[in-house]
Amino acid sequence: MRILIVEDEVRLASTLADILAQAHYLTDVCHDGVSGLDNALSGIYDGVILDVMLPKLDGFQVVRRLREEGCHVPVLMLTARTELSDRVSGLDQGADYYLTKPFETPELLACLRALLRRPGEVRPEDCPKFGDLELDMACGALRREGKSTRLSARELALMQILLSNGSAIVPKETLLLKVWGYDSEAEANTVEVYISFLRKKLQYLHSQVQIAAVRRLGYHLKDGTA
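Residues numbered from 1 in each chain as written. Predicted model: local features only at pLDDT ≥ 70, side-chain atom pairs only at ≥ 80, totals over all residues. Heavy atoms only, no water.

## Here we look at the nonpolar core
Then, number 1: With 47 residues, the main nonpolar core has Leu108, Leu142 and Met159 as its most contacted residues.
Then, number 2: Contact partners of Leu142, with chain neighbours within four places excluded, come to Leu133, Glu134, Leu135, Lys147, Ser148, Thr149, Leu151, Met159, Leu163, Leu202 and Leu205.
Then, number 3: Of all hydrophobic cores here, the second largest spans 22 residues; its members include Leu4, Cys30, Phe60 and Val73. (Core = buried A, V, L, I, M, F, W, Y, C linked by side-chain atoms within 4.5 Å. Buried < 20%, exposed > 50% of the residue type's maximum accessible area, 1.4 Å probe, protein only. Contact = heavy atoms within 4.5 Å.)

Next comes the structure, spelled out in structure tokens:
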């Protein structure tokens, strides 16, 4: 899953990115409201962590613009402002949760997990399954009948998308944007390389599931037992 961090304090933004990386999330970071809004509107993010006090556009303006544009990505707002009126304003503008600084890492991650599980546009699973496979997002492992293999962060993100879509075709461009990000210089053949990595891990697990390529369209999963 890819999370956008919009935080003007560079050190805090870097710390947030490190925390999320350890929890197996992919992240992009913006330091002002305008770039944060532009990136959030790209549609490639599963969630946004948004500071309130930002240059150019504040967090309240960003979340309001997102909702006006029809973007329903879950938004977790962060701020040092603890007044009730500020929390109410953030929620009224369209934020999903409001967390005050300083916060504890377990609380941040629990809030994020709760937002990503909520009904709506995005409903990622903690352990998506297909055929004989199960993906444990918490520890970054792909399992089949008690045997498991660890995945890198990008392998994990790719497999989560494929498992969540099952037999439906996922365009290569979608995988590239969701896993490598809007500003990445990665190219289409990068997706092919990582698909190759995943195929080798499926072979290691002796899974009946295959990653099938559909020429000029993308990839989908096939269950050999079906």
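## Digging into the packing of aromatic side chains
Then, number 1: Considering all chains together, one arrives at two aromatic pairs under this definition.
Then, number 2: Plain terms: the ring middles of Trp180 and Tyr194 are 5.2 Å apart, the flat faces sit at 70° to each other, and that makes the pair edge-to-face. Separated by 14 residues along the polypeptide, Trp180 in helix α7 (residues 172-180) and Tyr194 in helix α8 (residues 188-205) bring together distant segments of the chain.
Then, number 3: Centre to centre, the rings of Tyr194 and Phe197 are 5.2 Å apart; their planes meet at 70°, and the pair counts as edge-to-face. Here Tyr194 and its partner Phe197 are both found in helix α8, three residues apart, which amounts to about one turn of the helix. (Phe/Tyr/Trp six-rings, centres within 6.5 Å; stacked < 30°, edge-to-face > 60°. Helix = DSSP H or I, 4+ residues; strand = E, 2+ residues; numbered from the N terminus.)

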